[in-house]
Amino acid sequence: MKKSYLALLLLPGLVFLAAFMVIPILLTVGSTFYHESRFTVEGYILFFKDPYFLKIVWTTLRVSIITTLLCMVLGFPTAYYISRQSPRRKGLLLALAIFPLLTSSVVRSFSWTIILGKKGLLNNTLLSLGIIQEPLNILYTPTAMIIGLIHLFLPLIIITLVGVMENIDSDLVKAAESLGASRFSAFCKIIIPLSVPGLIIGGILVFVGSLTAYTTPALLGGKQRVISTFLYQNAITLNDWYLASVIATIMMFITFIIIALMNKLATKLNPKGS
């Protein structure tokens, strides 16, 4: 009776997910194999034979992977520092880390156009200091997209890692140090392995967000195309919904493959914690 009651509690959520997520996804994927009243895989063949399309996929993957790795590198020490603070100070630092999420991604992206432009704050500062002789061409490049995406998703990985790290018993590090391990060695052999689950979850959130983000690449990338902006162009501008469905399906499969690989990596790095 109790199990039946719990199953009923799940029913509204399952119906909602099926109606607004599962069914639309299945219809989108199905439409890529049934075009002009016949079964076809022509859309996928044309996509993977076209160098321009493959370049877009490579640019998207490169931007997403670099963004994820840099967020891990920047977020890990930040999260560790926050997790070792007193509850009051930890709350304040977490609030500061979360604060950027309260600002629209459009506003944040536009702010980077002001900073990274040829006559922006960064170039004006470097020119005034004599570090460079001519403005750097950063805006409307993959580099600009990466900077904007890091600003967008770094809080996610910090929050995820803090939740994991604050549950790591500090006595484990003290025990390792009492047995002769240096603080750095104890950090590498205890803190990092025990933080792997949070690192992988945070990495997945950042990667998926970077892969599917539209606003930041559209505003900071200029003519640099990624999968999301290419999808929008075909669906809205060119009204080619078949190719847009093919692009969306490829994006979903890339996401699933990367998530599976990262979960497999987490299992290898920390079999007991995964």
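Since we're looking at a predicted model, the values are computed, not measured.

Here is what the cut-offs are and how they apply
Residues numbered from 1 in each chain as written. Predicted model: local features only at pLDDT ≥ 70, side-chain atom pairs only at ≥ 80, totals over all residues. Heavy atoms only, no water. Helix = DSSP H or I, 4+ residues; strand = E, 2+ residues; numbered from the N terminus. Buried < 20%, exposed > 50% of the residue type's maximum accessible area, 1.4 Å probe, protein only. Contact = heavy atoms within 4.5 Å. Core = buried A, V, L, I, M, F, W, Y, C linked by side-chain atoms within 4.5 Å. UniProt positions renumbered as here; feature names shortened; annotations may be inferred. Patch = residues over 30% accessible without salt bridge, like charges linked within 9 Å, V, L, I, M, F, W, Y side chains within 5 Å. Areas by Shrake-Rupley, 256 points an atom, 1.4 Å probe, with all protein chains shown as cover. Salt bridge = Lys/Arg side-chain N within 4 Å of Asp/Glu carboxyl O. 1 Å grid on protein atoms, 1.4 Å probe; cavity = no way out; pocket = protein on both sides within 12 Å on 5 of 7 lines; lining within 4 Å. Points joined across faces, edges and corners; volume = space filled by probe spheres on them. Nonpolar A, V, L, I, M, F, W, Y, C, P; charged D, E, K, R; others polar. Expected span 1.5 Å × (residues − 1). Arc of directions from axis to C-beta. Polar contact = N/O pair within 3.5 Å; in protein donor to acceptor, adjacent residues only side chain to side chain.

**A few points about the overall build of the protein**
Of regular secondary structure, the protein possesses 12 helices and two strands. The linear arrangement of helices and strands in the protein, starting from the amino end, is α-β-β-α-α-α-α-α-α-α-α-α-α-α. Along the longest, intermediate and shortest principal axes, the C-alpha atoms of the protein span 75 × 70 × 30 Å. Here the protein holds 274 residues, and the buried ones make up 38% of them. When contacts within the protein are restricted to residue pairs at least 6 apart in sequence, long-range pairs at least 24 apart make up 71% of them.

**What about the nonpolar core?**
Grouped together as the largest cluster of nonpolar side chains are 52 residues, with contacts concentrated most on F47, F76, I157, I158, L161, I227 and I254. For this core, the elements supplying multiple residues, two or more each, are α2 (42-49), α3 (51-83), α7 (142-165), α8 (170-178), α9 (183-212), α11 (227-237) and α12 (241-269). Of the residues forming this core, the biggest block, 12 residues, is contributed by α7. Apart from the residues lying within four places of it in its own chain, the contact partners of F76 are C71, L161, M165, F187, I191, I192, S195 and L199.

**As for the UniProt feature "transmembrane region" (unreviewed entry) in the protein**
In the numbering used here, UniProt assigns the "transmembrane region" (unreviewed entry) feature to residues 52-80, 92-115, 144-165, 186-208 and 241-262. Here residues 186-208 runs as 100% helix and 0% strand, with 32 Å between its end C-alpha atoms.

**Quick notes on a nonpolar patch on the surface**
A cluster of nonpolar residues, F16, L17, F20, M21, V22, I25 and L26, forms a patch on the protein surface that exposes about 690 Å² of accessible area. Tracing the chain through its elements places V22 in helix α1 (residues 2-33). Here V22 falls in the partly exposed class, since its relative accessible area comes to 38%.

**Digging into the UniProt feature "domain: ABC transmembrane type-1" (unreviewed entry) in the protein**
According to UniProt, the positions carrying the feature "domain: ABC transmembrane type-1" (unreviewed entry) are residues 57-262. Within residues 57-262, the helical portion is 79% and the strand portion 0%, while the C-alpha atoms at the span's ends are 19 Å from each other.

**Digging into the layout of surface pockets**
Of the pockets and cavities examined, the largest pocket occupies roughly 240 Å³. Lining the largest pocket are 13 residues, with T68, L69, M72, M262 and L265 positioned closest to its centre. Mapped by element, the contributors of at least two residues to the lining of the largest pocket are α3, α9 and α12. For the lining of the largest pocket, the leading source of residues is α12, giving five residues. Here the lining of the largest pocket is built from residues that sort into 12 nonpolar, one polar and no charged. Taken as a whole, the second largest pocket encloses approximately 150 Å³ of empty space. The wall of the second largest pocket is formed by Y80, R84, S170, V173, K174, E177, R183, F187 and I191. Within the residue set of the lining of the second largest pocket, elements represented by two or more residues are α8 and α9.

**So, helix α5 (residues 105-116)**
With 12 residues, α5 should cover 16 Å at 1.5 Å per step; its first-to-last C-alpha distance of 16 Å lies within 8% of that length. If you check which residues of α5 are buried, you get R108, S109, W112, T113 and L116. The buried side chains of α5 occupy one side of the element, clustering within an arc of 150° when seen end-on. Considering only its buried residues, α5 is in contact with α6 (121-129), α7 and α10 (215-221). N-capping of α5 is provided by S104, with a side-chain oxygen placed 3.2 Å from the backbone N of V106.

**Describing the environment of L122**
Topologically, L122 is positioned in helix α6. The partly exposed category is assigned to L122, whose relative accessible area is 31%. Separated by 41 residues in the primary sequence, L122 and G163 have C-alpha atoms spaced 34 Å apart. Not counting chain neighbours up to four residues away, the residues in contact with L122 comprise I115, L116 and I138.

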